[in-house]
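Read off the chains here:
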Amino acid sequence: MRKLNVPFALGLVLLLVSLFTWGYQLKNGLIVTGMRNPFSWGLYIATFAFFVGIAAGGLIVSSSVYLFNLEQLKPFTRIASLSAFASIMAAAAIILPDLGRAERVYNLLLHPSFRSPLIWDVVVVSAYTLLTFLSVYFQLLPDWKKEGRGFLNGWTRGLTQEQVEAIAAKWARRIAYIGLPVAVLIHTITALIFATQASRGWWYTAILPPDFIAVAVASGTALVLVISLLVAGKERFAQYEAAFRTMARITAGALAVHFFFVAMDLLIHWWWGSPEALGVLSLVFNRYVPLYLVEIVLPAFVMIYFFTAKARRSPRNLLWGCFLLFAGVFVHRLMLMFPAFNQYPLSLSLPGMEVEGWHYPVAVGTYQANAPVFVGSWPYMPTILEVAVDLLPFGLALLIIALLVGSYNFLPEKR
């Protein structure tokens, strides 16, 4: 428990800072963020996509262990389910600040439009939260019966230890059968929220959903690997070294698939050379090239590094590789927003003018004396307050993981 005091305290601090700042945002409105008319999605939605991907990848790992009988990874099914549960809770939490008026969220339930991918996401996120909770619950149930603790387990009092273990094993396998397609579905629908926006050429591609799944497998497996390394510690690294090598290879293989999709997407955008496609590529390789290099270079380095024997021999090397991957994937999610929202889909043809079209001006959302109320573009940059609110999912995920790992046995010796 002493080892978990630092992550628990850090998670609590992050959570309190974000909640306090969110209260300020609720009082003053979304104007305290850097978002304006053209940037209706920003840091919050990028963080949502980041955590949904990790959540999907975590349950894919957990379910695959049961479905494909991956003996080496069986000791880590509890950790995989925990990472998925903590991540989906984090993803659901960051949606609320992005709504602005979070107290009106009930309207999503009372007046849903099932033609909207946003409603699809509400449904699958809710279902996924329940599914990941049940996955953790049934895997811990035998321990709770044996130790006489836990919660929601009063129904097991009249059952023997063997009966509880049999029920838990049966339902854990059933959840695995359901969990794998649902994990793929949740990130597919998240991708469809972007890919169905025909006016945004950066998103409007069939490659986006499978690419989201590839990134989810890489980042989700990386989080399982990080938690597993920290729980096992240096003293048990040799005991589970084969499992850690397997997870590193899964991460690297998924990244290889991701880069194939990236190459195909860029090739098609460049090949057809439409004004919209070339405009987006101009933004990517000019204004946003530093971010794009981070998005490409860090995961590419991790992919190559994890295929080497040197990276897989040391827990420190594996941990550093995973953290570099998280940074690259997070920037990848941010780069979904920047080029797309700076390529404005609305334009006005001007008769008698040589130019083909003129973009509608953008309202800056604030009025200041001697300052323009409308501008031709809006280079979005998250504000300090926005960054502080965005600490919410990170603090929540850290608290959930630290609290549960400190309270229960997530790495049993025998499975």
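Coordinates for the structure precede this section.
Here the structure is a predicted model, which is why all the values come from computation and not from measurement. (Residues numbered from 1 in each chain as written. Predicted model: local features only at pLDDT ≥ 70, side-chain atom pairs only at ≥ 80, totals over all residues. Heavy atoms only, no water.)

## Quick word on the packing of helix α2 (residues 43-67) against helix α7 (residues 208-232)
Point 1. Two elements in contact, α2 and α7, have axes whose closest approach is 7 Å; the angle formed by their N-to-C orientations is 75 degrees. Classed by the angle they form, the pair α2 and α7 counts as roughly perpendicular. Contact residues: G53, I54, A56, G57, G58, I60 and V61 in α2; A216, V217, S219, G220, T221, L223 and V224 in α7.
Point 2. Here the contact of α2 with α7 is composed, by residue class, of eight nonpolar, six polar and no charged. (Axes fitted to C-alpha atoms, helices over the stretch in contact; angles between N-to-C directions. Helix = DSSP H or I, 4+ residues; strand = E, 2+ residues; numbered from the N terminus. Parallel < 35°, antiparallel > 145°, perpendicular 65-115°, else oblique. Contact = heavy atoms within 4.5 Å. Nonpolar A, V, L, I, M, F, W, Y, C, P; charged D, E, K, R; others polar.)

## Observations concerning the environment of G328
Point 1. Structurally, G328 can be placed in helix α12 (residues 315-341).
Point 2. Taking C-alpha positions, G328 is 9.2 Å from L291, a pair spaced 37 residues apart along the chain.
Point 3. Sequence-distant contacts of G328, that is, excluding residues within four places in its chain, are made with V294, E295, L298 and P299.

## Comments concerning the layout of surface pockets
Point 1. Its boundaries defined by the atoms lining it, the largest pocket holds a volume of some 1400 Å³.
Point 2. P7, V226, I227, L230 and L398 are, among the 43 residues lining the largest pocket, the residues nearest its centre.
Point 3. Elements with a minimum of two residues in the lining of the largest pocket: α1 (5-28), α2, α3 (77-99), α7, α12 and α14 (391-407).
Point 4. Tallied by class, the residues present in the lining of the largest pocket amount to 32 nonpolar, six polar and five charged.
Point 5. Approximately 630 Å³ is the volume found for the second largest pocket.
Point 6. If you go around the second largest pocket, you meet 22 residues; those closest to its centre are I95, L99, L108, L118 and V122. (1 Å grid on protein atoms, 1.4 Å probe; cavity = no way out; pocket = protein on both sides within 12 Å on 5 of 7 lines; lining within 4 Å. Points joined across faces, edges and corners; volume = space filled by probe spheres on them.)

## Things to note about the nonpolar core
Point 1. One finds Y128, F194, W203, F244, F306, M337 and F410 to be the most contacted residues of the largest nonpolar core, which totals 125 residues.
Point 2. Excluding anything up to four places from it in sequence, W203 contacts W41, F194, A195, Q197, L208, L336, M337, A340 and F341. (Core = buried A, V, L, I, M, F, W, Y, C linked by side-chain atoms within 4.5 Å. Buried < 20%, exposed > 50% of the residue type's maximum accessible area, 1.4 Å probe, protein only.)

## Some remarks on empty space enclosed by the protein
Point 1. Under the defined criterion, the tally for this structure stands at three cavities of 30 Å³ or more.
Point 2. Taken together, 15 residues form the lining of the largest cavity, with W202, D211, V262, D265 and H332 sitting closest to its centre.
Point 3. Lining the second largest cavity, in full, are V215, L255, H258, E295, P299, G328, V329 and H332.
Point 4. For the lining of the second largest cavity, the secondary structure elements donating two or more residues are α8 (241-272), α10 (289-306) and α12.
Point 5. Among the elements that take part in the lining of the second largest cavity, α12 stands out by supplying three residues, more than any other.
Point 6. For the lining of the second largest cavity, the per-class residue count stands at four nonpolar, three polar and one charged.

## What to know about the packing of aromatic side chains
Point 1. Applying the stated criterion across every chain, the model contains 33 aromatic pairs.
Point 2. Ring geometry for W41 against F341: centres 6.3 Å apart, planes inclined by 85 degrees, an arrangement best described as edge-to-face. Note that W41 is positioned in the loop between α1 and α2 and F341 in helix α12, a separation of 300 residues in sequence.
Point 3. In this structure W41 comes out as buried when scored by relative accessible area, which is 16%.
Point 4. When the centroid spacing of 5.4 Å and the interplanar angle of 20 degrees are considered together, the rings of F237 and F244 count as stacked. Accessibility assignment for this pair places F237 and F244 in one class, buried. (Phe/Tyr/Trp six-rings, centres within 6.5 Å; stacked < 30°, edge-to-face > 60°.)

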